[in-house]
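Single-letter residue listing:
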Amino acid sequence: MNKPLLTVGLTLSLLVPLCAQAGAKEDFQKIYSDAKSAQKDAGDFKWTTTSSRLKAAESAAESGDYDKAKTLAAEALKLAQESVDQRKTQAEAWRKAVIGG
Amino acid sequence: MLKAKIILVAMGVALLAPQVLAGATPEEDRKETVEYFKQMFPEVPLKDFVNGQYALNEDRRAQWQSLQDFPPYEFAVAEGKEMFEAPFANGKTYGSCFENGGIGVRQNYPYFDEGTKQVITLELAINQCREANGEKPLKYKKGDIASISAYMATTSEGEAFDIKVPDDPKALAAYEDGKQFYYSRRGQLNFSCASCHVQNPGKWIRADLLSPTLGQPSSFPVHRSKWGELGTLHRRFAGCNKNVRAEPLPAQSEEYRNLEYFLTYMSNGLPVVGPSTRP
Amino acid sequence: MRKGLIYVCLTTLALGVAPVVLAGPSQADIDRGKELVFSRKDGNCLACHKMDDGKLTGTIGPELADMNTRYPDRGILFKRIWDETQFNPQTVMPPFGRHSILSKDQINRVIDYLYTL
C-alpha cells in the first residue's frame, strides 16, 4: 500500500531540486486532485485530519507557495488512502466486534 | 514475532465463530446486549442504565444528583412547550402532525416509515410537521428543535421505549446499517462507537467516564456543561465522531438516523428520562 | 570516509552491540518523547495509560512502567506502538504509525522516553 506512495515521495524529492518552481504548480495540482479523489472514495469514513491538510494545501497554493502546498497535499493523500483502507477492511471486520454475534 | 503470529492465528480461529452466528434478529441482538451489560455490571439495576455514566460511579452520581434541584434546561423546556402549543401561520399546531397530539409519544421514536421507507426520528418529524404547515425547518443540533424535543420527552417521562423493526426488508436493512455504523472503526484514531461504549464502559478515558450502549439515547436531548445549552442526540454523535478524528455526518443524515434506530432499539423497555444534564 | 563508516558498522555488528545502544538517547530526545506522550494532540497516551507523573490518566490500558525489563527488544515495542492491532485485532489502542498519527521519528522519541520508566 505504501509502495506507490514511497515512489511518489522519492520521485518528488529527486525532482524538487531539479525543476524548482517550474513544475511545482503542476505537481501540486496532480497530487491535490489525487488526494481529493481518494478523500471522496473514503465515503463516510473520511478523516478530519485529511480535510484540514487539504484545506491548508489549498490556501498555501492560493498564496503561491507551491512547495508547501505540495507537501501538504501529499500528506492529505497518504491520510486519505489510509482512510480508504479503513473503509474497506471495516466492511467485514466490524462483525468481529459485535456483542454475542 | 512467531509468538505474536501464533496468538493472531489463535484469535483468528476464536473470532471465526461469531461470523457464523451473525445475522441475528434485532430482538436477539437486544437480548444479548442486555445480557452482556448485566454481566459486566451485575450490581446495576437494568433501568438505571438510562443514567449513563452516573449508573456506574457513586461519586459522579452524587455530584450529579446534587445539581438536579435546579436543572439548567428548565427554561428551555418551558420555551419548548410554548412553541409546541403556539399555532403556525396557518393556525395549526405541532399537535396536528402527531399521534395523540404529540403528547406521550417520545418512546415510539425513531420509527420506520413504511411509506417513504426511511427512519423517522422525532426531530425529523418536527421539521416535517413545520414544512407541511408552510414553516421553515429548524436547525437540527440545538436551539428551538432541542427545546421542543425536550418538552415532548417530558410528556413521555417513564414510558418504556418501544421501537419496532417491521417485517420489511428495508426496515431490517436500516437497522443493520445502524448496527454496522456502531461497530465500524472510524477516524484516524481508529475507534468504533463500540470500542468505547461496548468494550470500555465504566473505564476512564482521561477525565471522562465512559457510558454503556444500553440506555444511551434515553436522556436526550441533554444539557451539557460543555455546550452550556441543550443539544440533540445527533449533535452528540457528531462530537463522538470528531473526537476520534472522523468527519462527522450531517445531523439527520440517513446514516445518523439509522444509527439512532439501532441504538434506540437496544434500549427498548428502558424508560424515557430526557432531558437530563451531562458534563 | 565511507569505508570508515562501513568499518565502524561492521565492528559494532561483530561485537553484537546495536548502534542505538551505543549512541543512547540525549536528554533532549527523552524530553521530546515525554512531550509527545503527554500532549493531547500528539500521543495522548495518558488518555488510556497511567504513567510517570501524568495527571488525569485514563484506565483503559495498563500502567506503563518498568519498560526496560519488560521490553528488552526495542523492535517489539516499536511495532506495538506502530500498530497494536497486529498483535490484538480488537485493541482500542490507535495504530499510531500505520495511521500517521505519529511519525517514525516521533515514535522513536516516545520510546526513548518510555525506557526511562
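What counts and how
- Residues numbered from 1 in each chain as written.
- Chains lettered and ligands numbered in written order.
- Predicted model: local features only at pLDDT ≥ 70, side-chain atom pairs only at ≥ 80, totals over all residues.
- Heavy atoms only, no water.
- pLDDT = per-residue confidence, 0-100.
- Contact = heavy atoms within 4.5 Å.
- Buried area = accessible area lost by both parts, 1.4 Å probe.
- Salt bridge = Lys/Arg side-chain N within 4 Å of Asp/Glu carboxyl O.
- Polar contact = N/O pair within 3.5 Å; in protein donor to acceptor, adjacent residues only side chain to side chain.
- Nonpolar A, V, L, I, M, F, W, Y, C, P; charged D, E, K, R; others polar.
- Helix = DSSP H or I, 4+ residues; strand = E, 2+ residues; numbered from the N terminus.
- Buried < 20%, exposed > 50% of the residue type's maximum accessible area, 1.4 Å probe, protein only.
- UniProt positions renumbered as here; feature names shortened; annotations may be inferred.
- Disulfide = S-S within 2.5 Å.
- Core = buried A, V, L, I, M, F, W, Y, C linked by side-chain atoms within 4.5 Å.
- Axes fitted to C-alpha atoms, helices over the stretch in contact; angles between N-to-C directions.
- Parallel < 35°, antiparallel > 145°, perpendicular 65-115°, else oblique.

## Focus: the confidence of the model for chain B
(1) Moving on: Of the residues in chain B, 92% reach a pLDDT of 70 or more, and the chain-wide mean stands at 93.
(2) Moving on: The ipTM for the predicted assembly is 0.87, set against a pTM of 0.89.

## Regarding the interface of chain C and chain A
(1) Moving on: Between chain C and chain A, the contact holds 4 residues from the first and 7 residues from the second.
(2) Moving on: Both sides of the chain C and chain A interface together cover about 410 Å² of buried area, and 45% of this is carbon and sulfur.
(3) Moving on: The largest contributions to the chain C side of the interface with chain A come from Gln90, His99 and Ser100 of chain C, which together make up 89% of the buried area.
(4) Moving on: Summed over the shared surface of chain C and chain A, the result is 0 salt bridges.
(5) Moving on: Counting every contact that joins chain C to chain A gives 2 residue pairs in polar contact (both at pLDDT 80 or more).
(6) Moving on: A per-class count over the side of chain C that touches chain A returns no nonpolar, 3 polar and 1 charged.

## Comments concerning unusual backbone geometry
Excluding glycine, a negative phi dihedral is what most residues carry, and trans is how most peptide bonds are arranged.
Residue and element names in this part refer to chain B.
(1) Moving on: Of note, the bond from Tyr109 into Pro110 is cis; its omega dihedral lies within 30 degrees of zero at 0°.
(2) Moving on: Considering the arrangement of structural elements, one finds Pro110 in the loop between α4 (74-85) and β1 (111-113).
(3) Moving on: Residues Gly274 and Pro275 are joined by a peptide bond in cis, for which omega reads -10°.
(4) Moving on: With a phi angle near 65°, Asn190 is a residue other than glycine that sits in the positive phi range.
(5) Moving on: Mapped onto the elements of the fold, Asn190 is located in the loop between α7 (169-183) and α8 (193-197).

## Structural notes on the side chain of Ser218 of chain B
All names here are of chain B.
(1) Moving on: Relative to the helices and strands, Ser218 is located in the loop between β4 (208-209) and β5 (222-224).
(2) Moving on: Classification of Ser218 by relative accessible area gives buried; the value is 1%.
(3) Moving on: In terms of polar contacts, Ser218 uses its side chain to reach the backbone carbonyl oxygen of Gly215, at 2.9 Å.
(4) Moving on: Once residues lying within four places of it in the same chain are set aside, the contact partners of Ser218 are Val50, Phe161, Ser267, Pro271, Val272, Val273 and Gly274.

## Quick look at the UniProt feature "binding site: heme c 1" (unreviewed entry) in chain B
Residues and elements named next belong to chain B.
(1) Moving on: UniProt annotation of "binding site: heme c 1" (unreviewed entry) refers to Cys97 and Cys129 when read in the numbering used here. Across 33 residues, the annotated set stays spatially compact, with a maximum C-alpha separation of 5.8 Å.
(2) Moving on: If you trace the backbone, Cys97 turns up in the loop between α4 and β1.
(3) Moving on: For Cys97, the residues in contact, after removing those within four places along its chain, are Cys129 and Asn133.
(4) Moving on: You can see Cys129 is positioned in helix α5 (residues 122-132).
(5) Moving on: With a relative accessible area of 2%, Cys129 lands in the buried category.
(6) Moving on: Beyond its immediate sequence surroundings of up to four residues, Cys129 is in contact with Phe88, Thr93, Tyr94 and Cys97.

## Things to note about the state of the cysteines
(1) Moving on: Enumeration over the complete set of coordinates arrives at 1 disulfide over all chains.
(2) Moving on: Cysteine Cys193 of chain B remains unbridged, with the sulfur of Cys240 of chain B as its closest cysteine sulfur at 7.4 Å.
(3) Moving on: The closest cysteine sulfur to the non-disulfide-bonded Cys45 of chain C is located on Cys48 of chain C, 8.8 Å from its own sulfur.
(4) Moving on: Given a relative accessible area of 14%, Cys45 of chain C falls into the buried group.

## Quick notes on the nonpolar core
Generally speaking, a soluble globular protein has its nonpolar side chains buried in company with each other.
(1) Moving on: One finds Phe37, Phe49, Tyr182, Tyr183, Val198, Tyr256 and Tyr261 of chain B to be the most contacted residues of the largest nonpolar core, which totals 42 residues.
(2) Moving on: Mapped by element, the contributors of at least two residues to this core are α2 (26-40), α7, α8, α9 (233-243) and α10 (254-266) of chain B.
(3) Moving on: The biggest single contributor to this core is α10 of chain B, with 7 residues.
(4) Moving on: Residue contacts for Phe37 of chain B: discarding those within four places in its chain leaves Ile99 of chain A together with Phe49, His197, Val198, Pro201, Pro212, Thr213 and Leu214 of chain B.
(5) Moving on: In this structure, Leu210 of chain B together with Met67, Tyr113 and Leu114 of chain C belong to the second largest nonpolar core, which totals 32 residues.

## Remarks on the packing of helix α3 (residues 27-38) of chain C against helix α6 (residues 104-114) of chain C
All names here are of chain C.
(1) Moving on: Look at α3 against α6: their axes get within 7 Å of each other, and the N-to-C directions meet at 105°. Considered as vectors, α3 and α6 are oriented roughly perpendicular to each other. Within the contact between the two elements, α3 uses Asp29, Ile30, Arg32, Gly33, Lys34, Leu36, Val37 and Phe38 and α6 uses Gln106, Arg109, Val110, Asp112 and Tyr113.

## A look at α6 of chain C
(1) Moving on: Looking at α6 of chain C, one finds that the buried residues are Ile107, Val110, Ile111, Asp112, Tyr113 and Leu114 of chain C.
(2) Moving on: Where the residues of α6 of chain C are buried, they touch α3, α4 (67-70) and α5 (74-82) of chain C.

## Quick look at the pattern of salt bridges
(1) Moving on: The final tally for this structure, using the stated rule, is 25 salt bridges over all chains.
(2) Moving on: The partner of Lys81 of chain B in a salt bridge is Glu85 of chain B, and the shortest N-O contact between them spans 3.2 Å. Taken together, the residues Lys81 of chain B and Glu85 of chain B, both in helix α4 and 4 residues apart, mark about one turn of the helix.
(3) Moving on: Lys81 of chain B sits in the partly exposed class, given a relative accessible area of 37%.
(4) Moving on: A relative accessible area of 43% means that Glu85 of chain B is categorised as partly exposed.
(5) Moving on: The salt bridge involving Asp52 of chain C is made with Lys34 of chain C; its shortest N-O contact spans 3.6 Å. Residue Asp52 of chain C is found in the loop between α3 and α4, and its partner Lys34 of chain C is found in helix α3; the two are separated by 18 residues along the sequence.
(6) Moving on: With a relative accessible area of 25%, Lys34 of chain C lands in the partly exposed category.
(7) Moving on: In this structure, a network of salt bridges that share partners links the residues Asp29, Arg74, Arg109 and Asp112 of chain C.

## Focus: the interface of chain B and chain C
Quoted interface sizes are often the accessible area lost when the parts come together.
(1) Moving on: Between chain B and chain C, the contact holds 22 residues from the first and 28 residues from the second.
(2) Moving on: Buried surface at the junction of chain B and chain C, both sides included, amounts to about 2000 Å², of which 54% is carbon and sulfur.
(3) Moving on: Summed over the shared surface of chain B and chain C, the number is 0 salt bridges.
(4) Moving on: Seen at the junction of chain B and chain C, the total is 10 residue pairs in polar contact (both at pLDDT 80 or more).
(5) Moving on: Sorting the residues of the side of chain B that touches chain C by element identifies α1 (2-21) and β3 (204-205) of chain B as the ones contributing at least two each.

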